[in-house]
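Read off the chains here:
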Amino acid sequence: MVFRKLPGVSASGMGLRLSQKFVFLLFLSGLVTLCFGALFFLPDSVRLKRIFLSKTETQPVTVGSGSENDAREHLKRPKEQGMTPAKGESSTKLKSLIRKPSVSHEATEERLAGGKAQEDLTLPRLITESASVKASSSDNLDTFSYSKFKGCLLKPPLGRDGGQTSDPTTNERREKVKEMMKFSWDNYKRYAWGKNELRPLTKNGHIGNMFGGLRGASIIDSLDTLYIMGLMEEYNDAKEWVQTSLDLNSNGEASLFEVNIRYVGGLLSAYYLTGEEFYKKKVVELGEKLLPAFNTPTGIPRGVINLGSSGTSWSWGWASAGSSILAEFGTLHLEFVHLSELSRNPIYTEKVMNIRKVLNKIEKPHGLYPNFLSPVSGNWVQHHVSIGGLGDSFYEYLIKSYLMSDKSDDDAKKMYYGALEAIEANLVQKSPGGLTYMAEWRGGILDHKMGHLACFSGGMIGIGADDGEPEKRQHYLDLAAEITHTCHESYTRSATKLGPEAFRFDSGGEATATRLNDRYYILRPEVIESYMYMWRLTHDPKYREWGWEAVQALEQHCRVESGFSGIRDVYTLTASHDNMQQSFFLSETLKYLYLLFSDDDLLSLEDWVFNTEAHPLPIIRRSCLEDPAPQDKTVSE
């Protein structure tokens, strides 16, 4: 640049006046700022930018931006014209709400926390924590003793004779369920291998966007089912795929809930059943990728997480005011405790125990737990309570945490029975026709509907009956039986003998869907799950008969040429299939049916609890595991 001479200024510039020097310095500093600022507009690959800018820089995340459509697909229900959500597109345990406008984290935090400065969630902190976790986990992976764990089991996992019963008819029915599993698996392998789920009508695979780029959901979900059914050739194919092709280095946006219950749960159960070390390494590696979701002011995790190096997380775009969902952050405890058990890293247990601390501090309306909680302020966002979608598995994990702890987790026990008391007082209803059901609660007003998802509660109340107050134990078992009966009625009152997504108790109807968009069935397991638990608790033969009715209905209405498919309307015999073989059909529905027709010592409830995707996780007998030389309590397999 050429400087023009100013009057009275020498060529050397040494005679500049003070004001002229100031102008010159101001110009020079502006030029430097402009040049450096231009770096931000260069592509990420430009070397000059990589030299001057830190690699740890991250961008703020906006709720709903980039992945709002993913969240909507995750939770959408079928349109009234009959479209049915697929599990790759819809949550296992969640149902949709009216979509809310996208809300940025910044706007949400300012509104909910009064504009207070929030915790800095920059990437350097995430990387530091991640590196710490990795070092701790990898250093301790070899300290868990599988042989000691097996020595603490009371019974062989597969029973004395693979769970085969002494009744020929029951064994025939069990073999039929096994054939259904093999048929489902063979078609998945033929047409959708490595994808997340099978589309049986079009004979191709479905990936979806719930798993952050992870693949093979049906493979992971099927590992333990194939193993306990003795389908060893199929199991070995699945095992080889996990060992050689399961790539955890994805960089997509995943549902924390879905990845935890399916992938973490499936890999944990595969390890505990087989002792194969690579399952343990895989699941601990995946567990590390979920930890950044907990980096919120309260420690309540957000629902969506990037599984890549950024580790950013955000709430679902449709969730009220950027809230977290009770059934999502409340359905981590079983898996995370076992992650600590295998890795010998307490961070996983600490994360989920902090969730309890937050919940125990805040006031519960009428003792109930609403479905939406702000991860910023730690306060309830809405007073909507449901034992079905959005709330369900939170309650399930309370009683199962108590049972999995070998009945030493008194905090879980207190929370569960306190919640159950509030549920009975506010939600449990009796219809004019004598059916017991669980209504939903919206700010004190009851909505007299019950979702298929809520039908798990018969089994839940049943397995918790024996540990309630002595005078209430029979009452709880009776309540469990009544709810299971109501859910069976929702099946028998349909033309297909399969139950709708939701059924109501108003306008003169009972246990039937009165709305078109509630009539679909997507191979859900919850009713059959309760049959299985109630059979084991009571040995009343009606539960096996009800299970066989379900098998026959599935065969007649859901079996197609190349797999099983959900149907759009359970009240018509003219089947309209949704073209989706859900991975939970392999993990839950068929597994619970197989266990229903097996002896009780196959995955005995004395040794195992099932996560909400039906993956068996062992009871942690701390005194036995810490014994230097535990006696082998199991009967030889």
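A. Structural view of the pattern of salt bridges. Considering all chains together, one arrives at 34 salt bridges under this definition. Note that K155 and E606 form a salt bridge whose closest N and O atoms lie 2.9 Å from each other. With K155 in the loop between α6 (146-151) and α7 (168-192) and E606 in the loop between α21 (583-596) and β18 (608-610), this pair connects stretches of sequence that are 451 residues apart. A residue is classified by how much of its surface remains accessible, and E606, at 40% relative accessible area, is partly exposed.

B. Representation of empty space enclosed by the protein. Following the criterion strictly, the structure yields six cavities of 30 Å³ or more and no others. Of the volumes computed, that of the largest cavity is approximately 120 Å³. Around the largest cavity, the lining is made up of 14 residues, and of these F329, G330, H333, I355 and R356 lie nearest the centre. Secondary structure elements with two or more residues in the lining of the largest cavity: α14 (347-361) and α15 (392-404). In terms of residue class, the lining of the largest cavity is built from nine nonpolar, four polar and one charged. Roughly 70 Å³ of internal volume is contained in the second largest cavity. For the second largest cavity, the full set of lining residues is F144, F149, C152, Y272, H338, E341, P618, I619, I620, R621 and L625. Residue composition of the lining of the second largest cavity, grouped by class: eight nonpolar, one polar and two charged.

C. Region of the structure containing the environment of D599. Mapped onto the secondary structure, D599 falls in the loop between α21 and β18. Judged by its relative accessible area of 31%, D599 is partly exposed. If sequence neighbours within four positions are ignored, D599 has contacts with G163, Q164, T165 and R536.

D. Highlighting the sheet that holds strand β6 (residues 324-325). On the basis of which strands lie adjacent, the open sheet formed by three strands has the order β6-β7-β8 and antiparallel pairing. Looking at strand neighbours, the two that pair on one side only are β6 and β8 (380-382), the edges of this open sheet. Direction of pairing for β6 relative to strand β7 (residues 372-373): antiparallel, over a ladder of two bridges. Note that in β7 the partner of I325 across the bridge is F372.

E. Just the packing of aromatic side chains, in detail. Going through the model one piece at a time under the given rule, you end up with 32 aromatic pairs. Where F336 meets Y348, the ring centres are 5.8 Å apart and the plane angle is 75°; that geometry is what we call edge-to-face. One end of the pair, F336, is in helix α13 (residues 333-343); the other, Y348, is in helix α14, and twelve residues separate them in sequence. Of the residues examined, Y348 reaches a relative accessible area of 0% and is grouped as buried. These aromatic residues form a ring-pair network of at least three members: F144, Y146, F149, Y271, Y272 and W608. In this arrangement the basic side chain of R559 is found over the ring face of F183, its NZ or CZ atom lying 3.8 Å from the centre.

What counts and how
- Residues numbered from 1 in each chain as written.
- Predicted model: local features only at pLDDT ≥ 70, side-chain atom pairs only at ≥ 80, totals over all residues.
- Heavy atoms only, no water.
- Salt bridge = Lys/Arg side-chain N within 4 Å of Asp/Glu carboxyl O.
- Helix = DSSP H or I, 4+ residues; strand = E, 2+ residues; numbered from the N terminus.
- Buried < 20%, exposed > 50% of the residue type's maximum accessible area, 1.4 Å probe, protein only.
- 1 Å grid on protein atoms, 1.4 Å probe; cavity = no way out; pocket = protein on both sides within 12 Å on 5 of 7 lines; lining within 4 Å.
- Points joined across faces, edges and corners; volume = space filled by probe spheres on them.
- Nonpolar A, V, L, I, M, F, W, Y, C, P; charged D, E, K, R; others polar.
- Contact = heavy atoms within 4.5 Å.
- Pairing = 2+ DSSP bridges.
- Phe/Tyr/Trp six-rings, centres within 6.5 Å; stacked < 30°, edge-to-face > 60°.
- Lys NZ or Arg CZ within 6 Å of the ring centre and 35° of its normal.

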